[in-house]
Number of protein chains: 2
Amino acid sequence: MSTPTRDAWLAWSAVAEPSDPAACWLVEVLGPEAALAWVRTASEDHFEASVALAPYAPPAQVEAAVQASGKWAARLDAADAQVHLERADAVGARALTRVDQGWPEMFAHLGPAAPFALWVRGNGEPAALWASSIAVVGARASTSYGDYMAAMLAAGVADRGWTVLSGGAYGIDGAAHRAALACDAPSLAVMAGGVDRLYPAGHQDMLAALLDRGAVVSEVPPGYAPHRSRFLTRNRLIAAASATVVVEAASRSGSLSTARHAAHQHRPVAAVPGPVTSASSAGCHDLIREGVATLVTSPEDVLELASALDAPGATDGAPPQGSASSGSAPDFSSPQERAAYDGIGPRGTTTDTVAYRAGLTIAEAQVALGGLELAGLARREGPVWRRKPPLGRGSLASEG
Amino acid sequence: MSTPTRDAWLAWSAVAEPSDPAACWLVEVLGPEAALAWVRTASEDHFEASVALAPYAPPAQVEAAVQASGKWAARLDAADAQVHLERADAVGARALTRVDQGWPEMFAHLGPAAPFALWVRGNGEPAALWASSIAVVGARASTSYGDYMAAMLAAGVADRGWTVLSGGAYGIDGAAHRAALACDAPSLAVMAGGVDRLYPAGHQDMLAALLDRGAVVSEVPPGYAPHRSRFLTRNRLIAAASATVVVEAASRSGSLSTARHAAHQHRPVAAVPGPVTSASSAGCHDLIREGVATLVTSPEDVLELASALDAPGATDGAPPQGSASSGSAPDFSSPQERAAYDGIGPRGTTTDTVAYRAGLTIAEAQVALGGLELAGLARREGPVWRRKPPLGRGSLASEG
């Protein structure tokens, strides 16, 4: 289970802030282990560190990494993955990294800004939860109208088998999570700080109740505090849902950052209208007017947006089936084929993206996809590869 | 003042229902006088009437006119213009036809479905009122939220010099008119029935108050009742405003027809969001979701839409200056030049449209526009002709 690469990813989740651009770039070009070694070099010799990076990037990018190396080096004592894994174990949490089975495919949309690792509490599988998730977000200072709308939309999508994804905060987030719990449906909360601390304190019981069928996750290790900047970077993981609905938000409020992250990830954004006389709806109206969000008034409206992304066979309003939730695993003739199959994802994608997701070269991906096609596990539709699951209900519809 | 052509237009406003497609086609191809004579023929001999129209249209169109001729012939006793003019005079009303100075240029967007005539009460000039108008419309069964939003938006545009245009009805219409009155600003009400009867009865005092600076108008003569179908056709004249705002409307309600008319005329449509829990806002949400309307929350939002249509020099939020309201009239060297100048309109247009509006052939319009250009009264911007008013504040800006 513990490999040097996996430990290095866990170390990066402890050493660098989430989505730190210099860190994301560094691990992208060097890989996590060499990147960690580079930080040790840089803490002793900036010049040598610069020279080591010179082949990889323009000088400005190298300079940014050298500049940032100081703050990473200051946390090198936190780079021991075992320490964090023990802390996690103490609160019943586990860790996932980019190289693990069960890493959420939805993070592919984040590109290099994907988390280094995910720290997880709860019985739900993050990959399956994310793949079937609708993010319902909004203001902490919600109105009773906003709370009603959040609960109505969350219950509506939960009833149809979707996971309600939010940030666990007071106001809209809480109303959405509680509605999912009331439907006995899984819900997923993404924390800005470590999962040892169910934050905010007033929502401890609610968040603890999520653990039974859903999960509480974070990209920083247990013990890390919910700093302000971590709320903003955390929002991009909420935005990795199949669709994001902003229920209430004041103009220029922080609640809008999730919507902008979702738009940046080319994922559907919805907003709920409200009275013009309510400042709590002004941000929603801004999103609609600017064309960032689609106006929605019902769970059906939201699922119509989410389903626009789905592959054929999953367009009946039910969520797509993530790999982690599929009943029977196909037989693969090589690890490359397995990785390529996972890389296709439930919605299908291009050879380039399969290669990127699977960590294969383009040539390796082409060979693996050809093998999957011969084995009847994948098929090509123009530039897009799609899975042909051995038992999935989507297979008949898509071959008809 | 009374000419055979003018009398014929007045007769058509009494003989045919507003925007009757067969009547609009007939007066388009034959002119109003010959069209009236044709109805007299048709009332005696359908075959001869069909033969007379044969050169003009496909058989189906001719057949439709012959079919419709019966109901027009049944009203031939109403074709005496003098009778209607006397009735109008008795209530202080006057008439405008397509051939009169002061005919609203905004009706050009209606094409052949423009009114045959307009019956007018009040001190305001319809051309100037329409050219600077914002339509504020919505449900009769409005909520207090809707009434507030109608008044807020109407007062906001009235304060900036725009005319509030509506239908005089209970609910949203009344709230908009009253706000304009409270701002001591002109307002224009378009009635479905004759202007002798200020309808509905409960709004008599309000509508009478509009007459001082604005006007109450109708395309049917005094004495004609506000039939249900006339409300729907009346809405296209409200939609001829610079922009139309729907404040509150239930799904599939009649209040939405004005919005659809405006969209059909390629004029901006705005809608005010409201609580999803209010059925009175559902139609507005439909319009926004379908992309028919832009979400607006303030008078500035509405004027931004209206101003997108304006010529340079009128983009500061103030309404465009209609010909009827301009201070000093230019000197024209021919009636064709005057007609072409009027045909250009405050916003500028192509040679074809000038010809259409001015009742000139393309060749005549080209000669007249060339004369205006030499006289410094018009200029060409690519395919678009624009006025160069002798004293208008727009002239400096556009020549700079």
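Quick caveat, the model's predicted, so the values are computed rather than measured.

Asker: Explain the overall build of chain A to me, using residue names and the numbers behind them.
Answerer: Along its length, chain A carries 18 helices and 11 strands. Relative to the compact-globule value of 21 Å for 400 residues, chain A shows a C-alpha radius of gyration of 21 Å, a close match. When its C-alpha atoms are laid out on the principal axes, chain A stretches across 60 × 50 × 40 Å. For chain A, the proportion of contacts with a sequence separation of at least 24, taken over those separated by at least 6, is 73%. Within the structure as shown, chain A displays about 16,100 Å² of accessible surface, and the carbon and sulfur contribution to it stands at 54%. Charge separation in chain A, taken as the distance between the mean sites of 30 positive and 40 negative side-chain charges, equals 4 Å.

Asker: Quick one: what's the story with the packing of helix H2 (residues 21–30) of chain B against helix H3 (residues 32–44) of chain B, residue by residue and with numbers?
Answerer: All names here are of chain B. For the pair H2 and H3, the least separation of the axes is 7 Å and the interaxial angle reads 120°. For the element pair H2 / H3, the angle class is oblique. Crossing of H2 over H3 shows right-handed handedness. Facing Leu-26, Val-27 and Leu-30 of H2, the residues of H3 in contact are Pro-32, Ala-34, Ala-35, Trp-38 and Val-39. By residue class, the composition of the contact of H2 with H3 is 8 nonpolar, no polar and no charged.

Asker: Tell me about the nonpolar core, and please be specific about residues and values.
Answerer: Counting 68 residues, the largest nonpolar core has Phe107(A), Leu118(A), Trp130(A), Phe107(B), Leu118(B) and Trp130(B) as its most contacted members. When sequence neighbours within four positions are dropped, the list of residues in contact with Trp130(B) reads Pro104(B), Met106(B), Phe107(B), Leu118(B), Leu165(B), Leu188(B), Val190(B), Val217(B), Leu237(B), Ala240(B) and Ala241(B).

Asker: Could you give an account of the sheet that holds strand E7 (residues 243–246) of chain A, naming the residues involved and the relevant values?
Answerer: All names here are of chain A. Pairing within the open sheet is mixed, and its 9 strands lie in the order E1-E2-E6-E5-E4-E3-E7-E8-E9. Each of the sheet's edge strands pairs with one partner strand only, and the pair in question is strand E1 (94–97) and strand E9 (294–295). Relative to strand E2 (residues 117–121), E1 runs antiparallel, the two sharing 4 bridges. Residue Arg-94 lies in a different strand from E2, and its bridge partner there is Val-120.

Asker: Can you tell me about the interface of chain B and chain A, naming the residues and giving the values?
Answerer: Taken together, the contact pairs 16 residues of chain B with 16 residues of chain A. Summing both sides of the interface, chain B and chain A together bury roughly 1,300 Å²; the carbon and sulfur share of this comes to 75%. There are 2 salt bridges connecting chain B and chain A. Between Asp301(A) and Arg289(B) there is a salt bridge, with the nearest N and O atoms lying 2.3 Å from each other. Here chain B is connected to chain A by 6 residue pairs in polar contact (both at pLDDT 80 or more). Classifying every residue of the side of chain B that touches chain A gives 10 nonpolar, 4 polar and 2 charged.

Asker: Give me the sheet that holds strand E8 (residues 269–271) of chain B: which residues, what numbers.
Answerer: All names here are of chain B. The 9 strands are arranged E1-E2-E6-E5-E4-E3-E7-E8-E9 in an open sheet whose pairing can be described as mixed. Strand pairing shows two members of the sheet lacking a second neighbour, strand E1 (94–97) and strand E9 (294–295), which therefore form its edges. Examined bridge by bridge, strand E3 (residues 133–137) and strand E7 (residues 243–246) share 4 bridges and lie parallel to one another. Counterpart to Val-137 in the pairing with E7 is Val-246. Sitting on the sheet, helix H1 (residues 4–15) is in contact with E1 and strand E2 (117–121), with an inclination near 105° to E1. In the packing of helix H13 (residues 282–289) onto the sheet, contacts are made with E7, E8 and E9, and the angle to E8 comes to roughly 130°.

Analysis parameters
Residues numbered from 1 in each chain as written. Chains lettered and ligands numbered in written order. Predicted model: local features only at pLDDT ≥ 70, side-chain atom pairs only at ≥ 80, totals over all residues. Heavy atoms only, no water. Helix = DSSP H or I, 4+ residues; strand = E, 2+ residues; numbered from the N terminus. Rg over C-alpha atoms; globule rule 2.2 N^0.38 Å. Contact = heavy atoms within 4.5 Å. Areas by Shrake-Rupley, 256 points an atom, 1.4 Å probe, with all protein chains shown as cover. Lys, Arg positive; Asp, Glu negative; His and termini not counted. Charge placed at Lys NZ, Arg CZ, Asp CG, Glu CD. Axes fitted to C-alpha atoms, helices over the stretch in contact; angles between N-to-C directions. Parallel < 35°, antiparallel > 145°, perpendicular 65-115°, else oblique. Left-handed = near helix turned anticlockwise from the far one by under 90°. Nonpolar A, V, L, I, M, F, W, Y, C, P; charged D, E, K, R; others polar. Core = buried A, V, L, I, M, F, W, Y, C linked by side-chain atoms within 4.5 Å. Buried < 20%, exposed > 50% of the residue type's maximum accessible area, 1.4 Å probe, protein only. Pairing = 2+ DSSP bridges. Buried area = accessible area lost by both parts, 1.4 Å probe. Salt bridge = Lys/Arg side-chain N within 4 Å of Asp/Glu carboxyl O. Polar contact = N/O pair within 3.5 Å; in protein donor to acceptor, adjacent residues only side chain to side chain.

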